[in-house]
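Listed below, chain by chain, are the residues.
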Amino acid sequence: MAVADIAAYAHLSQADIEALGEELDAIRRDIEDSLGERDAAYIRRTIAFQRVLDVAARLLICCSRSRAGWVLGTASLAYAKCVENMEIGHNVSHGQWDWMNDPEIHSKTWEWDMVAVSSQWRYSHNYRHHVFSNVVGVDDDLGFGVIRVTRDEKWRPEHIVQPLRNLLLAAVFEWGIALHGIHSERDRAVDAGQVAEARAALLQKIGRQAVKDYVLLPALSWSHWRRTLAANAVANLVRNLWTYVVIFCGHFPDGADKFTPDVLNNETRAEWYLRQMLGAANFKAGPLLAFSTGNLCYQVEHHLFPDLPSNRYAQIAVRVRALCDKYDLPYTSGSLVHQYLLVLRTIHKLALPDGWLRATSDDAPETASERKFGLGAAPATRAGGPIVGLRTALHSRARRRRG
């Protein structure tokens, strides 16, 4: 069942939670104080790399006559689109580089290369998702409104087909994000005029993207227009699939806990931090894979500090993991394949009515944190008093309280 009392669930006193918040605030200050030219050079270098790769890929697609050349060019174009979408578009739109005061690399001016409107996404994602992350009935990103990912959502007959919905969402993920953004705009609009304006902005963006990818660029390829058209379609599909996998692996594997709306009542900054730590999941990645995911393999760190530059997440992760050990908290992580298989298991199991499932919302595997709050380990201690590790009896008691 979704967590109703985070402090009881995480076996921490209010003083412990506030102390944890102070240490996380210290991490933020340290990173902000150390930002400088090296970080600015990183994002400028990344943008330059992506644009050069995009041009080189399109030239290879257009000019090569072999199938191998087309495949290599299309793969390169797909990778360029993934980098633009995740390491650049997503992170710039989070305001991670606003401190540079560069009018081009700024959250208010950047428009990414897909059908979703950046300004609409910033509200639906930066605010509604990151502020209220994993709160059932509040965070619209829990299943994106089409997939049941928690037993706290009542089963409906339409959920039977959610394995197929999952495949469709993966293939058209950019369209799902676009519709998600317009849905959020409709919710916050004060009159019909604002809704109409938001819809017009989305239609204009869709038109520009369609003309660029499926009319203008193929036309510039002259007799090779079919190769360019096919390459653009395949590259967009690959970008959609990759973005979907990365996002789902960071939010829906086992250990990414869900919460009831009660946790928002008088929630302190430290409690918000703790909710982010309990509600996100990482996957293991080396430098190349991390870059290819927009550093969203560090989803825990991203949810703690969504507006800090992504190139610092690996550095931040070392300190966050140490805090999890210090406070006997879970740090949910696993390989990319392992995390995605867990996601698929949850999606397929929750397509079925609860009466067909053996586990309940109290003991379902998708609610279990990977490290079980130090289950079976010696109690952790710190200056100022002990932090008692969660033993089996305490774990059961916490779950009964949440039930």
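Residues numbered from 1 in each chain as written. Predicted model: local features only at pLDDT ≥ 70, side-chain atom pairs only at ≥ 80, totals over all residues. Heavy atoms only, no water.

**Brief notes about the overall build of the protein chain**
Thought 1: If you tally the helices and strands in the protein chain, you get 15 helices and two strands.
Thought 2: A globule of 403 residues ought to have a C-alpha radius of gyration of about 22 Å, and the protein chain, at 22 Å, matches this closely.
Thought 3: In terms of its C-alpha atoms, the protein chain occupies a principal-axis envelope of roughly 70 × 55 × 50 Å.
Thought 4: Out of the 403 residues belonging to the protein chain, those deemed buried represent 55%.
Thought 5: Partitioning the contacts of the protein chain with sequence separation of at least 6, the portion at a separation of at least 24 is 72%.
Thought 6: If you sum the accessible surface of the protein chain, you get close to 17800 Å²; carbon and sulfur atoms cover 62% of it.
Thought 7: For the protein chain, the distance from the average position of its 47 positive side-chain charges to the average position of its 45 negative side-chain charges is 6 Å. (Helix = DSSP H or I, 4+ residues; strand = E, 2+ residues; numbered from the N terminus. Rg over C-alpha atoms; globule rule 2.2 N^0.38 Å. Buried < 20%, exposed > 50% of the residue type's maximum accessible area, 1.4 Å probe, protein only. Contact = heavy atoms within 4.5 Å. Areas by Shrake-Rupley, 256 points an atom, 1.4 Å probe, with all protein chains shown as cover. Lys, Arg positive; Asp, Glu negative; His and termini not counted. Charge placed at Lys NZ, Arg CZ, Asp CG, Glu CD.)

**A word on the environment of Arg 28**
Thought 1: As for its placement among the helices and strands, Arg 28 is situated in helix 2 (residues 14-34).
Thought 2: Its relative accessible area of 13% is what places Arg 28 among the buried residues.
Thought 3: Along the chain, Arg 28 and Tyr 313 lie 285 residues apart, while their C-alpha atoms are 11 Å from each other.
Thought 4: With near-sequence residues (within four places) excluded, Arg 28 lies in contact with Arg 269, Tyr 273, Leu 304, Phe 305, Asp 307 and Leu 308.

**Section: the pattern of salt bridges**
Thought 1: Scanning the model with the defined rule gives 25 salt bridges in all.
Thought 2: Across the salt bridge formed by Arg 148 and Asp 354, the nearest N and O atoms sit 2.8 Å from each other. In this pair, Arg 148 is assigned in the loop between helix 5 (118-129) and helix 6 (162-171) and Asp 354 in the loop between helix 14 (336-349) and strand 1 (380-382), connecting sequence segments 206 residues apart.
Thought 3: Under the relative-accessibility criterion, Arg 148 is labelled buried at 0%.
Thought 4: Each of Lys 81, Asp 113, Lys 212 and Asp 213 takes part in salt bridges that share partners, so that together they form one network. (Salt bridge = Lys/Arg side-chain N within 4 Å of Asp/Glu carboxyl O.)

**Digging into helix 6**
Thought 1: The complete set of buried residues in helix 6 reads Gln 162, Pro 163, Asn 166, Leu 169 and Ala 170. Across the axial projection of helix 6, the buried residues extend over an arc of 120 degrees, all falling on one side. Facing away from the buried side of helix 6 by more than 90 degrees, the exposed set consists of Leu 164, Leu 167 and Leu 168.
Thought 2: As for helix 6, its buried residues are in contact with helix 7 (173-188), helix 9 (225-251) and helix 14. (Arc of directions from axis to C-beta.)

**Some thoughts on the nonpolar core**
Thought 1: Leu 24, Phe 248, Leu 274, Val 320 and Leu 329 are the most contacted members of the largest nonpolar core, which has 84 residues in total.
Thought 2: Once you skip the residues sitting within four places of it in the chain, Val 320 turns out to touch Leu 24, Ile 27, Met 277, Val 300, Glu 301, Leu 304 and Tyr 331.
Thought 3: Ranked by size, the runner-up nonpolar core spans six residues in total, among them Leu 77, Ala 78, Ala 231 and Ala 235. (Core = buried A, V, L, I, M, F, W, Y, C linked by side-chain atoms within 4.5 Å.)

**Things to note about the environment of Lys 154**
Thought 1: Within the fold, Lys 154 resides in the loop between helix 5 and helix 6.
Thought 2: Residue Lys 154 is classed as exposed on the basis of its relative accessible area, which comes to 71%.
Thought 3: Each C-alpha atom, one on Lys 154 and one on Asp 354, is 8.8 Å from the other, the two residues being 200 residues apart in sequence.
Thought 4: Not counting residues within four places of it along the chain, the set of residues in contact with Lys 154 comprises Arg 148 and His 159.

**A short note on the confidence of the model for the protein chain**
The predicted coordinates should not be examined in detail at positions where pLDDT is low.
Thought 1: With 91% of its residues at a pLDDT of 70 or more, the protein chain has an overall mean of 90.
Thought 2: Low pLDDT, under 50, characterises residues 374-403; the predicted model gives this stretch 60 contacts beyond four residues in sequence or across chains. (pLDDT = per-residue confidence, 0-100.)

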